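# Reading the structure
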Amino acid sequence: MQIESRTIFRQELVMVVDASESHRRQVEHALMSFYRIATFASTSEALAALQKSPPGAIVIAKGAVTSEALDFVAMVRRDHALSAIPVVLIGPGDDPGIRKAAMECGASSFLAKPYRRSVLIGAISKEINKAIEHRWEKLPTLHRNALVGTMDIFNSVSDVIENGEPIAYSAVTDACGPLIEAVGTGEFRTILSEVRGHDNFSYAHSLGVATLLLLFGYTIGLKGDDLSLLGSGGLLHDVGKMSIPYDVLNKVGALSPAELEQMKGHVAVTTSYLEKCSDLPKNIHLIGNQHHERLNGTGYPIGLKGSELNELARMSAIVDVFCALSDRRPYKSALDSENALQVMTNSMTAALDQQLLALFREMLLDTGR
Ligand SMILES: [Fe+2]
Ligand SMILES: [Fe+2]
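This write-up is about the structure you can find in this document. Numbering of residues starts from 1 in each chain and follows the order in which that chain's sequence is written. Chain letters and ligand numbers both follow the written order, the letters beginning at A and the numbers at 1. Only residues with pLDDT of at least 70 get local features here, since the model is predicted, and only at 80 or more are side-chain atom pairs given and counted; chain-wide, interface and lining totals rely on the full set of residues. Heavy atoms throughout the structure, all of them, feed into the side-chain values; hydrogens and water do not.

Secondary structure elements are defined from DSSP: runs of H or I of at least 4 residues count as helices, runs of E of at least 2 residues count as strands, and each element is numbered from the N terminus. Its place among the elements puts serine 125 in helix 5 (residues 117–128). Only protein chains enter the calculation, and the probe is 1.4 Å; a residue is then buried if its accessible area is under 20% of its type maximum, exposed if over 50%, and partly exposed in between. Taking the relative accessible area as the measure of exposure, serine 125 reaches 0% and is therefore buried. Within 3.5 Å is the distance limit for a polar contact, defined as a pair of N or O atoms, with the added protein rule that one can donate a hydrogen and the other accept it, and that residues adjacent in sequence qualify only through two side-chain atoms. Polar side-chain contacts of serine 125 include one of 3.2 Å to the side chain of glutamate 133. By the convention used here, residues are in contact when the closest approach between their heavy atoms is within 4.5 Å. Beyond its immediate sequence surroundings of up to four residues, serine 125 is in contact with Tyr35, Lys130, Glu133, Met151 and His198.

So, in structure tokens, the structure goes:
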């Protein structure tokens with residue numbers, strides 16, 4: 001059995017420095033499902049903490065007191081031990097002078113208020129995953145577009161969360177287009193292996209689910225709009241997890257009953273997010289609502305069972321469990337395909353549709369995964 005080393009995981013810490021408590025909370029809320037967050041009201045507190053445990057990235061927003069923020073960035077850049085830490089500076093408005101000064105004193109990127117939540121997440125992710133996303137730029141166009149397009153749309157869901165701003169279904173299907181093509185031509189393995197190193201675990205998991213749902217779709221002969229639906233549904237099925245803090249999502253050890261409820265609650269949150277996007281086909285909602293339901297009624301949120309679960313719900317459950325077992329996460333080792341399938345066959349016999357699971361196993365064997 002191949003078990004990945006736990007030491008490869010970097011539970012990235014993002015430090016947020018801002019005198020404004022409400023904006024600090026806003027930044028924390030946007031990033032909390034992706035990273036561990038430490039917030040500071042002043043640069044002096046932040047500097048003391050920086051020396052003790054350097055973060056993966058710093059977000060600094062100092063309202064109108066920009067000179068303090070600029071001095072802070074310059075100080076970080078001058079410190080040998082800290083100089084490589086990416087710093088995202090948020091300014092009060094898009095003043096070209098401040099933007100120029102921010103970049104000159106060493107900020108990695110500058111955002112002006114008001115900014116989209118997805119832009120903030122994208123800026124941090126880009127800095128933290130620089131090496132991985134840089135490698136994506138060198139991939140063949142189809143692979144690159146599949147990764148970049150789906151990641152952008154995944155991050156843009158955070159705008160729905162923040163503003164109630166809907167995502168157009170056409171934007172999701174467009175983003176999934178290269179992925180659908182790559183799965184159709186059997187070129188999806190590079191995409192899956194490239195995304196595994198990405199620190200945005202929710203995105204990596206969602207892309208995995210989208211890819212394997214598509215593979216399932218091709219195997220059972222689906223085409224066109226049905227494939228778009230599977231790819232889009234896979235990508236959006238867990239967006240409610242963006243409401244769960246990183247520390248709960250990635251907790252090493254048992255979740256408390258309250259944390260478990262919070263985790264299970266991601267389905268309801270996903271539903272409420274997706275309902276804001278009025279043009280999504282109902283089967284996208286079904287994938288979001290029912291991928292944790294189980295054939296024997298032991299699933300959630302409703303405890304549907306047997307014939308109450310259609311083929312799409314059954315396929316989604318299989319793909320989601322398989323990806324969850326194979327994902328690399330801070331709290332568990334990743335199982336290889338064979339071991340994941342064994343767990344699903346031996347320990348989830350009554351919970352998963354074993355006929356569809358046998359087909360899924362064959363499909364994976366055929367594609368050499
Ligand atoms: Fe889920
Ligand atoms: Fe999932």
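It is worth spelling out the coordination of the iron ion (ligand 1) at this point. Surrounding the iron ion (ligand 1) are the protein donor atoms Asp238 (OD), His266 (NE2), His291 (NE2) and His292 (NE2), at 2.1 to 2.2 Å. The donor set covers N, O and S atoms within 2.8 Å of the metal, switching to 3.2 Å for Na, K and Ca, and it leaves out water, so a site may look short of donors. Geometry assignment treats four donors as tetrahedral when all angles are between 85 and 135 degrees, treats four as square planar and six as octahedral when opposite donors are over 155 degrees apart and all others between 65 and 115, and treats everything else as irregular. Seen from the iron ion (ligand 1), its four donor atoms lie at angles of 86 to 176°, and the figure they make is irregular. The metal-metal distance between the iron ion (ligand 1) and the iron ion (ligand 2) is 3.5 Å, with aspartate 238 serving as a donor to both. Remark: histidine 292 occurs in the loop between helix 15 (282–290) and helix 16 (311–326) and histidine 266 occurs in helix 14 (residues 266–275); sequence separation between them is 26 residues. Across the pair, exposure class does not vary: histidine 266 and histidine 292 are buried alike.

What follows is about the packing of aromatic side chains. Any Phe, Tyr or Trp ring, taking Trp's six-membered ring, that has another such ring centre within 6.5 Å forms a pair; planes under 30 degrees apart are called stacked, those over 60 apart edge-to-face, and the others tilted. Going through the model one piece at a time under the given rule, you end up with three aromatic pairs. Seen from their ring centres, phenylalanine 154 and tyrosine 203 are 5.8 Å apart, and the 55° between their planes marks the pair as tilted. With phenylalanine 154 in helix 7 (residues 141–163) and tyrosine 203 in helix 10 (residues 201–219), this residue pair connects regions lying 49 residues apart in the sequence. Through a chain of ring-to-ring contacts, three or more aromatic side chains come together here, namely Phe216, Phe322 and Phe360. When the ring centre of phenylalanine 188 is taken as reference, the NZ or CZ atom of arginine 189 above it lies at 5.3 Å. Only when the NZ atom of a Lys or the CZ atom of an Arg is both within 6 Å of the ring centre and within 35 degrees of the ring normal do we say a charge sits over the ring.

Here we take up the coordination of the iron ion (ligand 2). Within the first shell, the iron ion (ligand 2) binds the protein through His205 (NE2), His237 (NE2), Asp238 (OD) and Asp320 (OD), at distances of 2.0 to 2.2 Å. Classification of the site at the iron ion (ligand 2) rests on its four donor atoms, whose angles at the metal span 86 to 175°, yielding the label irregular. Each donor residue of the iron ion (ligand 2) lies on the same chain, and together they follow the pattern H-x31-H-D-x81-D.

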